[in-house]
Amino acid sequence: MFAPRVEADSYPPVAAPALSAPYLLGRNDCHVTLSIGISVFPSDGNDSQALLKAADAAMYRAKELGRNNYQYYLPSMNVHTVERLELESDLSRALERGEFLLYYQPKVEVATGLITGVEALLRWKHPVRGLVQPMDFIPLAEETGLIVPIGEWVLATACARIKAWQDQGLTRLEIAVNLSARQFADSMLLPKLTQIIHSSGLAPSSLELEITESVVMSHGEGAVAVLGKLKSIGVRIAIDDFGTGYSSLAYLKCFPIDTIKVDRSFIRDIPGDSGDMKIMRAIIAMAHGLRLKVVAEGVETADQLTFLRAQRCDAVQGYFLYRPLPEDEVADVLKLNRLAGFATAQVERHLAL
């Protein structure tokens, strides 16, 4: 975008009412956000090609800063653009070079304190940058479409790994894998997923697919059909980051889901925030009324765990219990968990007698 430069205090708002207001598409409310890059003649370029290049660099900077904002071009942005292109190039070859690996974060059953599942989390071991965190490359993978083949690798690797652990005696263990927006919209998702499960030998019920609330809501009634097809092959469905999107309780009761994962933003200030405590009580009661399980994310203190146990939350994840662990470390944790589970079963059997 080309525009005369104006003083900072007179910038027009990006989210103009005509664009930021929700609009109706079919029966669904949709929302639009803007990421705008602005270049100025002649300081940023003497011809249209130079100005477009500068505006493009500014636009990417706007996206990096969280989207839904605008940025004027600065020469320093060329550095960001070069870094992004290098990262994109490396990312496109990371899969074939075997640079991806999975970490696993245990999910703990509140009633027993035992690990009943793990969530597979993607990491990138870059040959120069070292371990790259998801927030630094997942958005780029989404934007470029590379997330689809990467997501297939995650599914195949996670299913094979959990089946191996089950064969070692961890029969109750389940695996949760995140589905990206592009994967959810992929028309080939169902046959690909079916093939992956068949090849691994894993029982479909041992796999839980996590889809964010915003992705599901953005597909409206179409999401019901996609989720129904996924459920038809026997996998479990969880709504991730629950409470952060443009949710509708009317839709929630129609979705063929098994679990809601409450976003960490509702857990963080418990027990100090009475409002968050009331929200959690309501969410848990509502979910149980709909025969759904509730998983609380981001549990970091004993007080939070005590509160969630009192509210009969089904399971929790968080640094207070376990951080995401590499495969070898989580294997040791799971072995200890299996022994604890055996001991618990023996005690329960004795009490029953």
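Treat the numbers as computed from the prediction; the structure is a model and nothing was measured.

**Q** So what's going on with the packing of helix H5 (residues 147–167) against helix H7 (residues 189–200)? Residues and values would help.
**A** The interhelical angle for the contact between H5 and H7, taken along N-to-C directions, is 30°, at an axis separation of 9 Å. Put simply, H5 runs roughly parallel to H7. Relative to H7, H5 is oriented so that their crossing is right-handed. Of the residues in H7, those in contact with Val-148, Glu-152, Leu-155, Ala-156, Cys-159, Ala-160 and Lys-163 of H5 are Lys-192, Leu-193, Ile-196 and Ser-200. Split into classes, the residues belonging to the contact of H5 with H7 amount to seven nonpolar, one polar and three charged.

**Q** Pulling in residues and values, what's your account of unusual backbone geometry?
**A** Leaving glycine out, the prevailing phi sign among residues is negative, and the prevailing peptide bond configuration is trans. For the bond running from Phe-41 to Pro-42, omega is 0°, close enough to zero to count as cis. Mapped onto the fold, Pro-42 is located in the loop between strand S3 (35–38) and helix H2 (48–64). Of note, the amide linkage connecting Ile-270 to Pro-271 takes the cis form, showing an omega dihedral of 5°. Among the secondary structure elements, Pro-271 is positioned in the loop between strand S11 (259–262) and helix H11 (274–289). At Asp-241, a residue that is not glycine, the phi angle is positive and equals roughly 55°. Looking at where Asp-241 falls in the secondary structure, it is placed in strand S10 (residues 236–242). The phi dihedral of Arg-312 falls on the positive side, at around 65°, and the residue is not glycine. As for its position among the elements, Arg-312 is in the loop between helix H12 (302–310) and strand S13 (315–316).

The rules we used
- Residues numbered from 1 in each chain as written.
- Predicted model: local features only at pLDDT ≥ 70, side-chain atom pairs only at ≥ 80, totals over all residues.
- Heavy atoms only, no water.
- Axes fitted to C-alpha atoms, helices over the stretch in contact; angles between N-to-C directions.
- Helix = DSSP H or I, 4+ residues; strand = E, 2+ residues; numbered from the N terminus.
- Parallel < 35°, antiparallel > 145°, perpendicular 65-115°, else oblique.
- Left-handed = near helix turned anticlockwise from the far one by under 90°.
- Contact = heavy atoms within 4.5 Å.
- Nonpolar A, V, L, I, M, F, W, Y, C, P; charged D, E, K, R; others polar.

So, to be careful, I would describe these as geometric facts and stop short of saying anything about function.
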